[in-house]
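If you want the building blocks of each chain, they are given just below.
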Amino acid sequence: MRIVLDCDPGHDDAFAILLAAASREIELLGVTTVVGNSYLENTTINARKILDLFDLDVPVFPGCAKPLLRNIVVAPQIHGQSGLDGATMPPPKRSIEKIHAVDFIAQMAQKYYDLILVPTGPLTNIALFILKYPKLVKRISTIVLMGGGIAFGNVTPVAEFNIFADAEAAKIVFKSGIPIVMAPLDLTHQVVATEREAEKLRSMGERFQIMADLLMFFKSTYKNVFNIDGAILHDPCTVMYLLHPEIFESQDYFVDVETKGELTYGQTVVDVWRTTGNTPNAKVLLKVNREKFFDILFEKFGSLSRR
Ligand code: BDR
Ligand code: CA
């Protein structure tokens, strides 16, 4: 399958990039970047650093430096000032592509009939693609996104970061008619990486020691901010779903995004009891087998360490 990974690396984004690049089932056409966990300049540097680290031949296309309408929100308390604190990596060697992320997505949609978009950051680039290229919207086979929550948020009691950081963009995406698979916090919080997973990474060679350091930094900020013991691997859930949907449980729901609420801006409003009567617009992932998740992740990462 052919995917474009649209991300804001970001510790868990870095794991999603690696999982996609390591998987033979996936043709990673490009990595597009967006402002999110840090400013666009940083997320674009970080994406290239991770790809450089593993010598992965994937082009990087910078996208939007600002949300559609709202002010920029970044997350230094979780990902550090650089967006990827916790390990020292050399500056990126590869250059960035000249074409804008949104235009690259359009080119790929034009070229392939089965393109899958995998956003793991705020949905600004994807919404802009929908607005700028309405005729190409039908060419997208699926969007598999990390974002939102049914029961809780992580920036406000009800809003998750990727949606909160550009709720107007998220609303456009959920209303686009493109089939959506949504990995909300309720799911991603089942994928908790601990010191055990970090040890395993350390045993896989020098390059994975950097990944272990990143994981431990992420774990420490989750402890500080949320008092959670472990690093939550939100973003790789998207790629894992594409690889192994059978390890997930899901329900089809109608999902809308709150953009006006005083207390609820950025909330994904998930119609669990079908009270709106609206036809479901998203397959919402609810459960994952954690053990299988990590078995597959390490098997895939193993193929990178042999390259
Ligand atoms: C999401 O926000 C970011 O901090 C992570 O990279 C993930 O995409 C989780 O709410
Ligand atoms: Ca992310």
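In this text the structure is predicted, and so the values were computed from the model without any measurement.

Right, let's talk about the pairing of strand β6 (residues 180–183) for a bit. Side-chain alternation along β6 places Ile180 and Met182 on one buried face and Val181 and Ala183 on a second face that is also buried. In terms of strand pairing, strand β5 (residues 140–146) meets β6 through 4 bridges, oriented parallel. The partner of leucine 145 across the bridge, within β6, is methionine 182. The pairing of β6 with strand β12 (residues 282–288) spans 3 bridges and is classified as parallel. Opposite methionine 182, over in β12, you have valine 284 as the bridge partner.

The next point concerns the nonpolar core. Grouped together as the largest cluster of nonpolar side chains are 98 residues, with contacts concentrated most on Leu5, Ile17, Leu18, Ala20 and Val173. When residues of this core are assigned to their parent elements, the largest contribution, 9 residues, is made by helix α1 (residues 11–22). Apart from the residues within four sequence positions on either side, leucine 5 is in contact with Ala16, Ile17, Ala20, Leu28, Val31, Val118 and Thr120.

All of the buried residues in helix α4 (residues 101–111) are Ala101, Val102, Phe104, Ile105, Met108 and Ala109. Buried residues of α4 fall within an arc of 160° about the axis and therefore sit on the same side. Buried-residue contacts for α4 involve β1 (2–7), β2 (27–33), β3 (60–62), β4 (115–119), α5 (124–132) and β5.

Near ligand 1 there are 15 residues, and of these Gly10, Asp12, Phe161, His234 and Asp235 occur at the shortest range. Taken together, the elements giving at least two residues each to the shell around ligand 1 come down to α1 and α6 (161–164). Each residue belonging to the shell around ligand 1 can be placed in one class, and the counts come to 4 nonpolar, 7 polar and 4 charged.

Attention now moves to the UniProt feature "domain: Inosine/uridine-preferring nucleoside hydrolase" (unreviewed entry) in the protein chain. Under the present numbering, the feature "domain: Inosine/uridine-preferring nucleoside hydrolase" (unreviewed entry) in UniProt falls on residues 3–295. For residues 3–295, helix accounts for 37% and strand for 18%, while the C-alpha atoms at its two ends are 23 Å apart.

With mixed pairing, the 8 strands of this open sheet are ordered in space as β3-β2-β1-β4-β5-β6-β12-β9. Both outer strands of the open sheet, β3 and β9 (248–253), are each paired with one neighbouring strand and no more. With strand direction ignored, the average angle separating the axes of adjacent strands in the sheet is 25°. Sheet topology note: the β1/β4 ladder contains 4 bridges and is parallel. Counted as the bridge partner of isoleucine 3 is isoleucine 116 from β4. Where helix α11 (residues 236–243) meets the sheet, it contacts β4, β5, β6, β9 and β12, and its direction lies at approximately 135° from that of β5.

The end-to-end C-alpha distance of helix α2 (residues 40–53), which contains 14 residues, comes to 20 Å, matching closely the 20 Å that a straight helix rising 1.5 Å per residue would cover. A large share of α2 lies buried, amounting to 12 of its 14 residues. Those residues of α2 not exposed but buried are Leu40, Asn42, Thr43, Thr44, Ile45, Asn46, Ala47, Arg48, Lys49, Ile50, Leu51 and Leu53. Tucked into the core, α2 has its buried residues touching β1, α1, β2, β3 and α10 (206–226). Looking one or two residues past α2, aspartate 55 carries a phi angle of roughly 50°, positive in sign.

Our next topic: the packing of α1 against α11. At a minimum axis distance of 8 Å, the contact between α1 and α11 shows a crossing angle of 25°. By the angle class used here, α1 and α11 are roughly parallel. Contact with α1, carried on its side by Asp12, Phe15, Ala16, Leu19 and Ala20, involves Pro236, Thr238, Val239 and Met240 of α11 and no other residues of that element.

Quick notes on the rules
Residues numbered from 1 in each chain as written. Chains lettered and ligands numbered in written order. Predicted model: local features only at pLDDT ≥ 70, side-chain atom pairs only at ≥ 80, totals over all residues. Buried ≥ 20, exposed ≤ 12 C-beta atoms within 10 Å, placed from the backbone. Helix = DSSP H or I, 4+ residues; strand = E, 2+ residues; numbered from the N terminus. Pairing = 2+ DSSP bridges. Core = buried A, V, L, I, M, F, W, Y, C linked by C-beta atoms within 7 Å. Contact = placed C-beta atoms within 7 Å. Arc of directions from axis to C-beta. Near = placed C-beta within 6 Å. Nonpolar A, V, L, I, M, F, W, Y, C, P; charged D, E, K, R; others polar. UniProt positions renumbered as here; feature names shortened; annotations may be inferred. Axes fitted to C-alpha atoms, helices over the stretch in contact; angles between N-to-C directions. Expected span 1.5 Å × (residues − 1). Parallel < 35°, antiparallel > 145°, perpendicular 65-115°, else oblique.

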